[in-house]
2 protein chains.
Amino acid sequence: MSSEFIATVRRFNRTVTQRVGALDDQYMSRDRPLAQARLLWEIGPGGTEVASLRARLGLDSGYLSRLLRTLESDGLVTVGPAGQAGGDGRVRVAALTEAGRAEWAELDERSDELARSILEPLSGQRRERLVAAMAEVERLLVSSMVVIEPCSPGDPRARAAVRAYAREIAQRFDDGFDPALSRPVRDEDLVPPAGLFLLATLNGEPVGCGAIKLHAGAPAEIKRVWVSDGVRGLGIGRRLLDQLEGHAAEGGWTAVRLDTNRNLTEAIAMYRAAGYREIEPYNTERYAHHWFEKRLR
Amino acid sequence: MSSEFIATVRRFNRTVTQRVGALDDQYMSRDRPLAQARLLWEIGPGGTEVASLRARLGLDSGYLSRLLRTLESDGLVTVGPAGQAGGDGRVRVAALTEAGRAEWAELDERSDELARSILEPLSGQRRERLVAAMAEVERLLVSSMVVIEPCSPGDPRARAAVRAYAREIAQRFDDGFDPALSRPVRDEDLVPPAGLFLLATLNGEPVGCGAIKLHAGAPAEIKRVWVSDGVRGLGIGRRLLDQLEGHAAEGGWTAVRLDTNRNLTEAIAMYRAAGYREIEPYNTERYAHHWFEKRLR
DNA sequence: GTATAAGCCTGACTAAAGTCAGGTATATGA
DNA sequence: TCATATACCTGACTTTAGTCAGGCTTATAC
């Protein structure tokens, strides 16, 4: 990687942590410890499950409990059982009280202030350029924060991703989607050595997936490629494809193929851009209109 | 200011502090407390005055002393009197030992690593876009960190700025610059109500200046507009001009003028862009080739 | 039903970060 | 020369952040 690039990123890191990072802490913690302020902020007006707070802030379970007790005794927060009847009885939800919402609004206001203090000194034109560049950096940073890892298809996060995938195609296919009418995919076919399931996560939340079946004596088959709405257009789909193809190539396969629906236009565009060529149908998938193949070097 | 802009800046702040800020801390403090690592880093291979460290890191004097003692007893740093003979005998300089330099290099390497970890997951094209956007953000953030304030012309930082100004024009004028041959500017003419001296600083370091003399019964006169090399092109000159003009306008002046040398082409371009029109010479300044005037609203 | 795991909690602890009140030596202005 | 300020230091202290072991309750797999 070019040292020019590295140098630019380092300069960026330094300037930004100085200007934004340090000030953010300052703004946040004007009258209570930083950890408490952050927690209060993260709970938000809508309330949040304790487990989710732990994950997002990366805190020790005991430490978080103690922080919650402090906020509770300050009358800012109530921690109670999860609202949903029939839900997991172990899960607890932190919610803001009236006073807590007021303090949250104060933090929100400070966050606005910080943003204003950054834009204020700039002339109109420069201001627009800064905002545009920030939007670009933000988007690309998010994309670089997405982690793609092999995952058991039985993992709850994998299940959630596949459910989201099914929900989406049900919405987009002309005639909905009934799994019973589609060619089934069994979990065990997506576990090495038979295949592989990849999960893409952003801060632990599933935002994409993709799987490959390594058919004996036939091209490998790519299935269930899905990228969540919020992170589309960031190249996640392409990264999933690349890794799946890499896995097949490592196993000695020389071609991969897949079928897809005519309504999934971005996906089709992506397959073409990634080097897939349209081929004759190789199966009788009820919902497929296009079949693609890519030869691996 | 548009709430759209604010929202973008806030999203940026959040993503970046998460991705860069948090990781930066982690990378930095892998085997010693964050404060120590930061300090070691800030001292750098060249050594740094203790006062400057205090300012840059914003630390309590006692706390900093203690941190330095720790690094000293770990054999990483030596703190001694400032090198320069005849200098201020109270000032002390922290310098890295051999071991300190090694550890500094390690931190430097980690900083590279962090940068790489950000770029790594991106495809070539996205990588380029990210780096370009980061460079833009960095530049504009720096410009928004520059603080412009009235300052006594006798202030050491003001003196330093004026010295830098003189050094630069001496270099750029065809026949050098001898203050004795130029029309003199007395400090007291740049102090309210006779005039005003503005100092532009970045993290406390002077990076620009500008002054105005409010002549009784004549247009106000702008003098000593200088912007340091490193922050040129960020609109600092324009901000200095705006504030000086504003000061004159508040005092009831309806026009400002200035003289300049033909070699200062960017300055001349800036004056024109800011609404200055070239006029006949209004003085006999030895080094001037152009005279400009701007009418205030 | 039983074993095991997950989610949250408390108690006991440590390390890091930061504050404050002086103290010493050097510099500076009258 | 003397009063005052500055740069750095030490000692004594508090707060914040974080860790770890274990406990209780609810869920899940067999």
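Owing to the predicted nature of the structure, the values given are computational and were not obtained by experimental measurement.

1. Some remarks on the relation of the copies chain A and chain B
Inference 1: Each copy superposes on the other: chain A lies on chain B with an RMSD of 0.3 Å after a rotation of 180 degrees and an axial shift of 0.1 Å. Such values leave the two copies arranged in the relation of a two-fold axis. Identified as the residue of chain A closest to the rotation axis by C-alpha distance is A:Ala133, at 2.6 Å.
Inference 2: Same-surface contact between copies: 100% of interface residues of chain A are shared with the interface of chain B.

2. Description of the protein's contact with DNA strand D
Inference 1: Neighbouring DNA strand D are 22 residues; A:Gly89, B:Arg54, B:Ser65, B:Arg66 and B:Arg90 lie closest to it.
Inference 2: Expressed as a percentage, the sugar and phosphate content of the atoms of DNA strand D within 4 Å of the protein is 64%.
Inference 3: The contact in question runs from a phosphate oxygen of DNA strand D to an N or O atom on the side chain of B:Arg54, over 2.8 Å.
Inference 4: B:Arg69 is positioned such that a nitrogen or oxygen atom in its side chain is 2.9 Å from a phosphate oxygen of DNA strand D.
Inference 5: Those elements giving two or more residues to the surface near DNA strand D turn out to be α2 (34–43) and α4 (61–73) of chain A together with α3 (50–57) and α4 (61–73) of chain B.
Inference 6: Here the residues of the surface near DNA strand D are counted per class, giving eight nonpolar, five polar and nine charged.

3. Quick word on the interface of chain A and chain B
Inference 1: Of the residues lining the interface, 54 residues belong to chain A; the matching set on chain B comes to 54 residues.
Inference 2: With both sides pooled, the region where chain A packs onto chain B buries about 5300 Å², and carbon together with sulfur makes up 68% of that total.
Inference 3: Counting every contact that joins chain A to chain B gives eight salt bridges.
Inference 4: Our count for the chain A to chain B interface comes out at 18 residue pairs in polar contact (both at pLDDT 80 or more).
Inference 5: No other element matches helix α6 (residues 124–145) of chain A, which puts 18 residues into the side of chain A that touches chain B.
Inference 6: Tallied by class, the residues present in the side of chain A that touches chain B amount to 25 nonpolar, twelve polar and 17 charged.

4. What to know about the side chain of B:His290
All names here are of chain B.
Inference 1: Position of histidine 290 among the secondary structure elements: in strand β10 (residues 290–295).
Inference 2: Within the structure, histidine 290 has its side chain in polar contact with the side chain of glutamate 278 (distance 2.6 Å).
Inference 3: Those residues within four positions of histidine 290 in sequence are excluded, and the remaining contacts are Leu258, Asp259, Thr260, Arg262, Ile268 and Glu278.

5. Re the protein's contact with DNA strand C
Inference 1: By nearness alone, 22 residues border DNA strand C, and A:Arg54, A:Ser65, A:Arg92, B:Tyr63 and B:Gly89 come closest of all.
Inference 2: Across the atoms of DNA strand C situated within 4 Å of the protein, the share located in sugar and phosphate is 63%.
Inference 3: Contact between DNA strand C and B:Ala35: a phosphate oxygen at 3.4 Å from a main-chain N or O atom of the residue.
Inference 4: Looking at which element gives the most residues to the surface near DNA strand C, the answer is α4(A), with five residues.
Inference 5: Counted by class, the surface near DNA strand C contains eight nonpolar, five polar and nine charged residues.

6. Observations regarding the domain arrangement of chain A
Inference 1: Structurally, chain A comprises domain 1 (3–121) and domain 2 (147–295).
Inference 2: The C-alpha centroid of domain 2 of chain A is placed 36 Å from the C-alpha centroid of domain 1 of chain A.

7. What to know about the sheet that holds strand β2 (residues 77–81) of chain A
Residues and elements named next belong to chain A.
Inference 1: A sheet is described by the order of its strands in space; here three strands give the open sequence β1-β3-β2, paired in antiparallel fashion. At either end of the open sheet lies a strand with only one pairing partner, and these are β1 (48–49) and β2.
Inference 2: Pairing of β1 with strand β3 (residues 92–96) involves two bridges; the strand directions are antiparallel. Note that in β3 the partner of threonine 48 across the bridge is alanine 94.

8. A closer look at the sheet that holds strand β4 (residues 147–150) of chain B
Residue and element names in this part refer to chain B.
Inference 1: One open sheet accounts for seven strands, arranged β4-β5-β6-β7-β8-β10-β9; its pairing is mixed. With partners counted over all chains shown, the strands left at the sheet margins are β4 and β9 (277–279), one partner each. Between one strand axis and the next, the sheet turns by 30 degrees as a mean value, whatever way the strands run.
Inference 2: Strand direction decides the pairing type here: strand β6 (residues 205–213) and strand β7 (residues 220–227), joined by five bridges, are antiparallel. When the bridges of β7 are listed, glycine 208 appears paired with valine 227.
Inference 3: Along the sheet, helix α9 (residues 265–273) contacts β7, β8 (255–260), β9 and β10; its crossing angle with β10, the most-contacted strand, is approximately 25 degrees.

Definitions and cut-offs
Starting afresh in each chain, residues are numbered from 1 along the sequence in its written order. To label them, take the chains in the order written and letter them from A, then take the ligands in the order written and number them from 1. Confidence filtering applies because this is a predicted model: local features only for residues at pLDDT of at least 70, side-chain atom pairs given and counted only at 80 or more, and all residues used for totals across whole chains, interfaces and linings. Hydrogens and water are ignored here; the side-chain numbers use all heavy atoms of the structure. A residue counts toward the fit only if its pLDDT is at least 70 in both copies, and the copies are then superposed by least squares on the C-alpha atoms of those residues. Residue contacts are defined here by distance: any two heavy atoms, one from each residue, within 4.5 Å place the two residues in contact. Each residue is tested against the molecule or strand, and it is near if at least one of its non-hydrogen atoms lies within 4 Å. Pairing of N or O atoms within 3.5 Å defines a polar contact, subject to two protein rules: one partner must be a possible hydrogen donor and the other a possible acceptor, and residues neighboring in sequence count only if both atoms are side-chain atoms. Helix numbering and strand numbering both begin at the N terminus, where a helix is a DSSP run of H or I of at least 4 residues and a strand a DSSP run of E of at least 2. For this scheme, ten residues count as nonpolar: Ala, Val, Leu, Ile, Met, Phe, Trp, Tyr, Cys and Pro. Four count as charged, namely Asp, Glu, Lys and Arg, and the remainder, Gly too, count as polar. Once two parts are brought into contact, the accessible area they lose, counted with a 1.4 Å probe and summed over both, makes up the buried area. By definition, a salt bridge exists where a carboxyl oxygen of Asp or Glu is found within 4 Å of a side-chain nitrogen of Lys or Arg. Just so you know, the domain bounds were taken from an automatic or database domain assignment. What makes two strands pair is DSSP finding at least two bridges between them. Here the axes come from fitting lines to C-alpha atoms, over the contacting stretch only for helices, and the angles between their N-to-C directions go from 0 to 180 degrees.

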